[in-house]
Amino acid sequence: MNRTTRLLLRSFIGPFVITFLVALFFLDMQFLWVYADELIGKGLAVHVVLELLLYASARLVNLALPLAILMSSIMTLGSLAEHEELTALKSSGMSLRRIFTPLLVTMVIVAFGALTFANYAWPVANLKFRTLLYSVTRKKPTLNLEDGVFYNGIDGYAIRAAEVDQETGSLQDVLIHHHGGGREGAGLVIRAEEGTMKTSRTGRFLHLDLSNGISYEDRQEPGVRQRDRTFPHLQTQFERQRIRIDLSSLDFAKADEALFKRAYEMMSLGQLTLAIDSLEDQRNQAAVAMQDFGARSLNRITLDRGDVFSSDTTTAHADWLARLGPSAERRVFDAARDMLRNTAQTARNQIDERQSKRTLSDRHAIEWHRKLFLSVACVLLFLIGAPLGAIIRKGGLGLPTVLAILLFVAYYVITIMGERMVRSGALSPAWGMWMGTLVMVPAAALLQWRAARERTWRPFSKTKASR
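Treat the numbers as computed from the prediction; the structure is a model and nothing was measured.

This next bit is on the environment of Asp277. Structurally, Asp277 can be placed in helix α7 (residues 269-308). It is 8.5 Å that separates the C-alpha atoms of Asp277 and Ser361, two residues lying 84 residues apart in sequence.

Attention now goes to the sheet that holds strand β5 (residues 233-246). In space, the five strands of this open sheet follow the order β1-β2-β3-β4-β5, with antiparallel pairing throughout. Strands with a single pairing partner mark the edges of an open sheet, and in this sheet they are β1 (157-164) and β5. Pairs of neighbouring strands in the sheet enclose a mean axial angle of 25°, with direction left out of account. Of the strand pairs in this sheet, β1 and strand β2 (residues 170-178) are connected by seven bridges, and their pairing is antiparallel. When the sheet's bridge partners are listed, Glu163 is paired in β2 with Gln172.

This part covers the side chain of Asp362. Residue position: Asp362 is located in helix α9 (residues 326-392). A residue is classified by how much of its surface remains accessible, and Asp362, at 12% relative accessible area, is buried.

Moving on: the pairing of β1. Among the eight residues in β1, six count as buried, and that is most of the element. Connecting β1 to the next strand, β2, in antiparallel fashion are five residues, including Gly169 with a positive phi near 80°.

Turning our eyes to something else, we now look at the pairing of strand β4 (residues 205-218). For strand β3 (residues 187-199) and β4, the ladder comprises twelve bridges, and the chain directions are antiparallel. Note that in β4 the partner of Ile190 across the bridge is Ser215.

With that settled, the discussion passes to the confidence of the model for the chain. The pLDDT averaged across the chain works out to 78; a share of 81% of its residues lies at or above 70. Put simply, helix α13 (residues 461-466) is where the chain has its lowest mean pLDDT, 43, and helix α11 (residues 429-433) is where it has its highest, 87. Of the regions scoring below 50 in pLDDT, residues 181-185 engages in four contacts with residues more than four places distant in sequence or in other chains. Residue range residues 460-467 is modelled with pLDDT below 50. Its contacts to residues more than four positions away, or to other chains, number two contacts.

Let us now look at the nonpolar core. Counting residues in each nonpolar core, the largest one holds 59 residues, and the members touching the most others are Leu65, Leu86 and Ile384. Mapped onto this core, the elements with two or more residues apiece are α1 (3-34), α4 (61-82), α5 (85-91), α6 (96-138), α9, α10 (399-423) and α12 (435-452). With 14 residues, the top contributor of residues to this core is α9. Excluding residues within four positions of it along the chain, Ile384 makes contact with Leu70, Leu407, Met440, Ala444 and Leu447. Leu145, Val164, Leu208 and Leu247 belong to the second largest nonpolar core, which has 20 residues in total.

Turning to the environment of Gln172, a few remarks are in order. Within the secondary structure, Gln172 is located in strand β2. For Gln172, a relative accessible area of 31% translates into the label partly exposed. Here the alpha-carbon distance between Gln172 and Asp147, two residues 25 residues apart in the chain, equals 9.3 Å. Once residues within four sequence positions are removed from consideration, Gln172 is found in contact with Ala161, Ala162, Glu163, Glu193 and Glu194.

Here we come to the layout of surface pockets. Taken as a whole, the largest pocket spans an internal volume of roughly 860 Å³. Contributing elements (two or more residues each) for the lining of the largest pocket: α1, α3 (46-59), α4, α6, α9 and α10. For the lining of the largest pocket, the element with the highest residue contribution is α10, accounting for eight residues. Looking at the lining of the largest pocket, its residues break down into 18 nonpolar, four polar and eight charged.

Let us now look at a nonpolar patch on the surface. On the surface, Ile18, Val22, Phe25, Phe26 and Met29 cluster together into a nonpolar patch covering about 500 Å² of accessible area. Among the secondary structure elements, Ile18 is positioned in helix α1.

Here the structure, examined in full by the defined rule, presents nine salt bridges. Put simply, Glu265 and Arg130 hold a salt bridge, and the shortest N to O gap is 3.5 Å. Of this pair, Glu265 sits in the loop between β5 and α7 while Arg130 sits in helix α6, and the two are 135 residues apart along the sequence. Residues joined by salt bridges that share partners form a network here, namely Glu367, Arg370, Glu419 and Arg423.

This part covers the packing of aromatic side chains. Throughout the structure, instances matching the rule amount to nine aromatic pairs. Centroid distance Phe16 to Phe20: 6.5 Å. Interplanar angle 25°. Geometry classified as stacked. With Phe16 and Phe20 both in helix α1 and four residues apart, this pair spans about one turn of that helix. Joined through ring pairs, the aromatic side chains of Phe12, Phe16, Phe20, Phe100 and Phe382 make up one cluster.

Across the interface, α1 lies against α4 with an axial gap of 7 Å and an inter-helix angle of 140°. By crossing handedness, the relation of α1 to α4 is classed as right-handed.

This part takes up unusual backbone geometry. With a phi angle near 50°, Asp173 is a residue other than glycine that sits in the positive phi range. Take Asp173: it is sitting in strand β2. On the basis of relative accessibility, which here comes to 27%, the residue Asp173 falls in the partly exposed class. Notably, Asn212 is not glycine yet its phi reads approximately 55°, a positive angle. With respect to the secondary-structure elements, Asn212 resides in strand β4.

Quick notes on the rules
Residues numbered from 1 in each chain as written. Predicted model: local features only at pLDDT ≥ 70, side-chain atom pairs only at ≥ 80, totals over all residues. Heavy atoms only, no water. Helix = DSSP H or I, 4+ residues; strand = E, 2+ residues; numbered from the N terminus. Pairing = 2+ DSSP bridges. Axes fitted to C-alpha atoms, helices over the stretch in contact; angles between N-to-C directions. Buried < 20%, exposed > 50% of the residue type's maximum accessible area, 1.4 Å probe, protein only. pLDDT = per-residue confidence, 0-100. Contact = heavy atoms within 4.5 Å. Core = buried A, V, L, I, M, F, W, Y, C linked by side-chain atoms within 4.5 Å. 1 Å grid on protein atoms, 1.4 Å probe; cavity = no way out; pocket = protein on both sides within 12 Å on 5 of 7 lines; lining within 4 Å. Points joined across faces, edges and corners; volume = space filled by probe spheres on them. Nonpolar A, V, L, I, M, F, W, Y, C, P; charged D, E, K, R; others polar. Patch = residues over 30% accessible without salt bridge, like charges linked within 9 Å, V, L, I, M, F, W, Y side chains within 5 Å. Areas by Shrake-Rupley, 256 points an atom, 1.4 Å probe, with all protein chains shown as cover. Salt bridge = Lys/Arg side-chain N within 4 Å of Asp/Glu carboxyl O. Phe/Tyr/Trp six-rings, centres within 6.5 Å; stacked < 30°, edge-to-face > 60°. Left-handed = near helix turned anticlockwise from the far one by under 90°.

Given below as structure tokens:
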């Protein structure tokens, strides 16, 4: 490795790592903002939140990595051009293509790593993320009584206190409804003037010490018929009473990963290919079955007409219908109408089934192209960012960052539009998922051409001259 290559790699790797981490951080903050309501107030352990952020970060690499490559390439080549280092390299006889070659080779290696990551690590991260997020959303909020509000987070209980002291745990005017664990006819209502609450040392139970209260309990009548029941209840007054409530329903329980394992986001390229082939075979079989059904229905109608009508003349048909009588004629028309309705409904059901198979196949194809799209985007955005940096001759975090964000947003918006068109059935997955790439390839070629001919662009030159 010569000195020039070391200079280029050293100038590029630093901004690339920093911009990648910064982009990933901002995307993670956006994730926390979106799912803040699902995370706050549930008493989640720190390791659970960190694990969720780790899996979310792995899913956001497809956004952070191309953006980091675009920003770092503009910053690196812009800084070299701004400090005349790029001019010095050209003066030594090196062409712009020769200067870009070490960085381009690096991008090819990064693209191969991105493809490997998308094929093997991405499905695992998606599976872990979906499972953990589903578990988090199902978790009930931690015990947090508010003044005058019923708390229903504990299975089988509804607790309300007119006044709650969060520091001492003292309660005023306590009302507790116990639903008897779901048993029919069983229930308990407790009303107390005051009380205190505290959790056990292990946190498994909630202890409520109540004072000056009364309880009403419905009594079960096993073996008694409904009409013979008297619905007795037990009323009890007490000065002091302790109630122990199991808090295991508030514990965090992780869902089974098998619930999400067969989703297309959790598959590798090979699995997606097999799934797409299987769905296409099912669509073809459904088309053949629909053709056979149509042929059988047509033959049945033809045979019915041959059995019903003894002559091919219209007069004979009318005479035959007239001889049936009004009641029989009505039954014939009703039978024919029902047969046609059933045939049409069956045809519509088969068409809907084929359409659903096509939609599911397109969703698998979107994920298949998305994995390849990540690696291609790494190389393409470098081929856009590197010549653009050489053209604008500006490094740092000012203009390069603005241009990089604008270009990436345009690229991302076009890609999302293509994906939406695929989901709606307007475009095939191959065209829709690569629409943004097809739009950006001419832009990359134009920028390469301008940079090779040293066509510079200094957007602030006029402003500086006027000053």
